[in-house]
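Given next are the chains, with one letter for each unit.
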Amino acid sequence: MIIRVLTQGQYTVEGNALVELDAMDNSLLDAVEASDEIQFTANLQKVVSFVQTKGVKVPDEELVESDLIIPAPDTSLEEAREMFAGYPRDLT
């Protein structure tokens, strides 16, 4: 799966990492739904770090369609609410 982290680039994430990412992503969406800014910020940092650590960076010059887009690490809760409108809860 190709995942874009806004302002950070694209990463290929595969296998069991997708299952872990799905659980992390659900926690992120739960924080958005609960309007919990502290949990949202912490979970977003975890998701971004996970993708950067477990994924393989796609070269910037390579044009590839993203399967999933994750907000930039400095995204506010309000901005995330707008981005996640209609977002599917399950990645796998």
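Scope of this entry: the structure provided in the associated data block. Only a predicted model underlies this, so the values are computations on that prediction, with no experimental measurement involved. (Residues numbered from 1 in each chain as written. Predicted model: local features only at pLDDT ≥ 70, side-chain atom pairs only at ≥ 80, totals over all residues. Heavy atoms only, no water.)

## Overview of the pattern of salt bridges
Oppositely charged side chains can pair when the atoms bearing their charge come close.
Thought 1: Within this structure, the stated rule accounts for 2 salt bridges.
Thought 2: Lys 57 is the salt-bridge partner of Asp 60, the closest N and O atoms lying 3.0 Å from each other.
Thought 3: The class of Lys 57 is partly exposed, set by a relative accessible area of 38%.
Thought 4: Between Arg 81 and Glu 78 there is a salt bridge, with the nearest N and O atoms lying 2.9 Å from each other. Taken together, the residues span about one helical turn, with Arg 81 and Glu 78 both in helix H3 (residues 77-83) at a distance of 3 residues. (Salt bridge = Lys/Arg side-chain N within 4 Å of Asp/Glu carboxyl O. Buried < 20%, exposed > 50% of the residue type's maximum accessible area, 1.4 Å probe, protein only. Helix = DSSP H or I, 4+ residues; strand = E, 2+ residues; numbered from the N terminus.)

## Thoughts on unusual backbone geometry
Both trends apply: most residues other than glycine have a negative phi, and most peptide bonds are in trans.
Thought 1: For Thr 7, which is not a glycine, the phi torsion comes out positive at approximately 70°.
Thought 2: Take Thr 7: it is sitting in the loop between strand S1 (2-5) and strand S2 (9-12).
Thought 3: Since its relative accessible area comes to 66%, Thr 7 is described here as exposed.
Thought 4: Look at Ser 35: it is not a glycine, yet its phi comes out positive at around 55°.
Thought 5: Note on placement: Ser 35 falls in the loop between helix H1 (16-33) and helix H2 (37-54).
Thought 6: According to the relative accessible area criterion, Ser 35 is partly exposed, its value standing at 44%.

## Observations concerning the sheet that holds strand S4 (residues 68-70)
Thought 1: On the basis of which strands lie adjacent, the open sheet formed by 4 strands has the order S3-S2-S1-S4 and mixed pairing. If you trace the sheet from one side to the other, it starts and ends with strand S3 (56-57) and S4, each paired once.
Thought 2: As paired elements, S1 and S2 share 4 bridges and run antiparallel to each other. When the sheet's bridge partners are listed, Ile 2 is paired in S2 with Thr 12.
Thought 3: Each of S1, S2, S3 and S4 touches H2; the most contacted strand, S4, lies at about 125° to it. (Pairing = 2+ DSSP bridges. Contact = heavy atoms within 4.5 Å. Axes fitted to C-alpha atoms, helices over the stretch in contact; angles between N-to-C directions.)

## Here we look at H1
Thought 1: Taking 1.5 Å of rise per residue, the 18 residues of H1 would be expected to cover 26 Å, and the 26 Å separating its terminal C-alpha atoms lies within 8% of that figure.
Thought 2: Those residues of H1 that sit buried are Ala 17, Leu 18, Leu 21, Asp 22, Asp 25, Leu 28, Leu 29, Ala 31 and Val 32.
Thought 3: On its buried face, H1 is in contact with S1, H2 and H3.
Thought 4: Downstream of H1 by one or two residues, Ser 35 has phi in the positive range, about 55°. (Expected span 1.5 Å × (residues − 1).)

## Regarding the environment of Pro 71
Thought 1: Mapping Pro 71 onto the fold places it in the loop between S4 and H3.
Thought 2: Linking Pro 71 and Phe 84, residues 13 residues apart in sequence, is a C-alpha distance of 9.4 Å.
Thought 3: Contacts of Pro 71, omitting those with residues within four sequence positions, involve Val 5, Leu 6, Leu 44, Val 48, Met 83 and Phe 84.

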